Amino acid sequence: MSKAHQNPLTQRPRRRISAGVVVVIILILVLAAGVGVQWWRTNSGVSVDNANAPEPTMITPPGTSGVGVTVGQPNAKATIDLYLDFRCPHCKDFEDKTGPAINELVDSGAAKVTYWPMDFVNPDASPRLANAWACAAAAGKARSYSDELFKSFEKTWTTDQLLELGKELGIGNQTFDTCVRDNSQAGWVDSIQGAAQQRGVTATPTVFVNGNKLGDDQLTPEGIRAAVGVS
Amino acid sequence: MTDQAPTTDRASMADRPSMTGRPAMARWLPLVSTVARLVLGAVLLVAGFLKIEDPEASRQAVAAYELLPKALEQPVGWGLPFFEVAVGILLIVGFGTRIAALAGGVLMVLFIAAVSSAWARGLAIDCGCFGGGGQVAPGETKYLQEILRDGGLLVLAVWLWFRPRSRFALESDPPVPTGAKTP
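Please read these numbers as outputs of a predicted model, since none were measured by experiment.

Enquirer: An account of the overall build of chain A is requested, with residue identities and associated values reported.
Expert: When helices and strands are counted, chain A shows 8 helices and 6 strands. For the C-alpha atoms alone, the extent of chain A along its principal axes is close to 95 × 45 × 35 Å. Counting only residues that meet the buried cut, chain A has 46% of its 231 residues in that class. Across chain A, the fraction of contacts at a sequence separation of at least 24, relative to all contacts at a separation of at least 6, is 75%. Taken as a whole, chain A presents about 11,600 Å² of accessible surface, with 53% of it coming from carbon and sulfur. Positive and negative side-chain charges in chain A, numbering 21 and 23 respectively, have mean positions lying 13 Å apart.

Laid out in structure tokens, this is it:
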């Protein structure tokens, strides 16, 4: 503007970068940055807010073929069966929404919970996670380990991350590490799939209360409480 | 509607009645482009954001199509949502509209092709367009709606490719030549 009155025809053509080129560069950078951000999020270190969260009493530990892991007070009247896959996004939503209510029911003695870890959602990861969870359950951290796996669902949960989680929860010893690395509970996890199939469970999350399968609309804190008989 | 109709009429009449309402056209076409920009941009922005939160679900949604080799599932599942957000923002602010619309249009063509292929192969999946994705019960697929929606968005993208100039844009695109020939 200050150098007004120049004849545009005598001016040398100014080199300008067109918006198109800028946009292409932006899009490529964003794509790369996006992959980078997600890589960082999924591979970042494991940290647990509450390593000493209350852990219900173990009633049936993992290892018995075709029998899930039951925790809670042995004299609790109601039984909740949870069929979850640690790589199932809907299970993550269910756990976020309903997990605390279920923990409460267990802690108050209103219900015991049987975990049936499924391993079909992500064939590359689900079996590894189910195995690691079984290792943690055998070490007495069934609930905490499950809760943390779902809480940090965005993580890849590499074997290293699974071991780190064990360490954070105070069960990171030789036995646990070997169990995770050697897939020691794979056979038991397999037997759980068979038992689930026999019961007609083909999708996760599937929840039974006292043997009755809950409908999708009952998979809420209120729905579970009502089914257990607590208001 | 009833408020606007007379205004439009009056404008076309007053401006140049003999030229078949062209000045009026010239006035509302950029507005149509503005609406197209905002709608396509907003859909892409929202769709991208909903997928960014959960990289594992996004990867699984890609895997459920059974189209890409395993090695590509992660980069696509992780990168695509960010790409959508970027294209969405560019369209909403109106910068590089033509290229952004091209990118959006190519995405829509790819989505339509992928959903059609899933449908044709008899897969039962959710498109994962707005997060989620993966297997659904065979009776719960929504392939036709998904394809129609993406088809509608594709029309907007094509429109913007041919008419990228719009009101309320950061940049008037294509740039007006200043008299000098560009190489």
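The discussion continues.
Enquirer: I'd like a rundown of the interface of chain B and chain A, residues and numbers included.
Expert: Residue-level contacts link 28 residues of chain B with 26 residues of chain A. A buried area of about 2,300 Å², summed over both sides, lies between chain B and chain A, and 73% of it is on carbon and sulfur atoms. Summed over the three residues of chain B that lose the most area to chain A, namely E56, W78 and F82 of chain B, the buried surface amounts to 24% of that side. Taken together, chain B and chain A are joined by 2 salt bridges. Where chain B packs against chain A, one counts 5 residue pairs in polar contact (both at pLDDT 80 or more). When residues of the side of chain B that touches chain A are traced back to their parent elements, those giving at least two are α3 (55–64), α4 (70–93) and α5 (97–120) of chain B. Take the side of chain B that touches chain A: its biggest share by element is 10 residues, from α4 of chain B.

Enquirer: Explain the pairing of strand β5 (residues 206–209) of chain A residue by residue, including any values.
Expert: Residue and element names in this part refer to chain A. A two-sided burial pattern is seen for β5, the buried positions comprising T206 and F208 on one face and V207 and V209 on the other. Two strands pair when backbone bridges link them, and β5 and strand β6 (residues 212–213) are joined in this way by 2 bridges, in the antiparallel orientation. Residue pairing in the sheet places V209 in a bridge with N212 of β6. Counting the residues between successive antiparallel strands, the hairpin from β5 to β6 contains 2 residues, one of them, N210, with a positive phi of roughly 50 degrees.

Enquirer: Can you break down the sheet that holds strand β2 (residues 69–71) of chain A residue by residue, with the values?
Expert: All names here are of chain A. Strand order in this open sheet of 6 strands is β1-β2-β4-β3-β5-β6, and the pairing throughout is mixed. Looking along the sheet, the strands with just one partner apiece sit at the ends: β1 (58–60) and β6. Taken together, the 3 bridges between β2 and strand β4 (residues 111–118) define a ladder with antiparallel strand orientation. Bridge pairing in β4 places V69 opposite Y115.

Enquirer: Run through the nonpolar core, naming residues and quoting values.
Expert: Core analysis: the largest hydrophobic core is formed by 57 residues, its most contacted members being I80, L82, W133, Y145 and I224 of chain A. The leading source of residues in this core is helix α3 (residues 126–138) of chain A, at 8 residues. Residues L40, L44, V87 and A103 of chain B belong to the second largest nonpolar core, which totals 19 residues.

Enquirer: Please provide a residue-by-residue account of the packing of aromatic side chains, values included.
Expert: This structure, assessed with the given rule, holds 8 aromatic pairs over all chains. Between Y83 of chain A and W116 of chain A, the aromatic rings sit 5.2 Å apart at their centres with planes inclined by 10 degrees, giving stacked as the arrangement. Separated by 33 residues along the polypeptide, Y83 of chain A in strand β3 (residues 78–85) and W116 of chain A in strand β4 bring together distant segments of the chain. W116 of chain A carries the same exposure label as Y83 of chain A, and that label is buried. Their ring planes at 65 degrees and their centres at 5.7 Å tell us that Y83 of chain A and F208 of chain A sit as a pair that is edge-to-face. Taken as a pair, Y83 of chain A in strand β3 and F208 of chain A in strand β5 lie far apart in primary sequence, 125 residues in all. Taken together through their ring pairs, the aromatic side chains of F86, Y115, W133, F150 and W188 of chain A make up a single cluster. Here the basic side chain of R199 of chain A rests over the ring of F208 of chain A, its NZ or CZ set 3.9 Å away from the ring centre. The ring of F168 of chain B has R167 of chain B lying over it, and the distance from NZ or CZ to the ring centre is 4.8 Å.

Enquirer: A description of α4 of chain B should follow, citing residues and the corresponding values.
Expert: Residues separated by three or four positions in an α-helix point in the same direction, a consequence of the helix having 3.6 residues per turn. Residues and elements named next belong to chain B. Taking 1.5 Å as the rise per residue, α4 with 24 residues should run 34 Å; its terminal C-alpha atoms sit 36 Å apart, in good agreement. A bend of about 30 degrees at V76 is the largest found in α4. Backbone geometry just after α4 places G94 at a positive phi near 80 degrees.

What counts and what doesn't
- Residues numbered from 1 in each chain as written.
- Chains lettered and ligands numbered in written order.
- Predicted model: local features only at pLDDT ≥ 70, side-chain atom pairs only at ≥ 80, totals over all residues.
- Heavy atoms only, no water.
- Helix = DSSP H or I, 4+ residues; strand = E, 2+ residues; numbered from the N terminus.
- Buried < 20%, exposed > 50% of the residue type's maximum accessible area, 1.4 Å probe, protein only.
- Contact = heavy atoms within 4.5 Å.
- Areas by Shrake-Rupley, 256 points an atom, 1.4 Å probe, with all protein chains shown as cover.
- Lys, Arg positive; Asp, Glu negative; His and termini not counted.
- Charge placed at Lys NZ, Arg CZ, Asp CG, Glu CD.
- Buried area = accessible area lost by both parts, 1.4 Å probe.
- Salt bridge = Lys/Arg side-chain N within 4 Å of Asp/Glu carboxyl O.
- Polar contact = N/O pair within 3.5 Å; in protein donor to acceptor, adjacent residues only side chain to side chain.
- Pairing = 2+ DSSP bridges.
- Core = buried A, V, L, I, M, F, W, Y, C linked by side-chain atoms within 4.5 Å.
- Phe/Tyr/Trp six-rings, centres within 6.5 Å; stacked < 30°, edge-to-face > 60°.
- Lys NZ or Arg CZ within 6 Å of the ring centre and 35° of its normal.
- Expected span 1.5 Å × (residues − 1).
- Bend = angle between axes of the 7 residues up to and from the residue.

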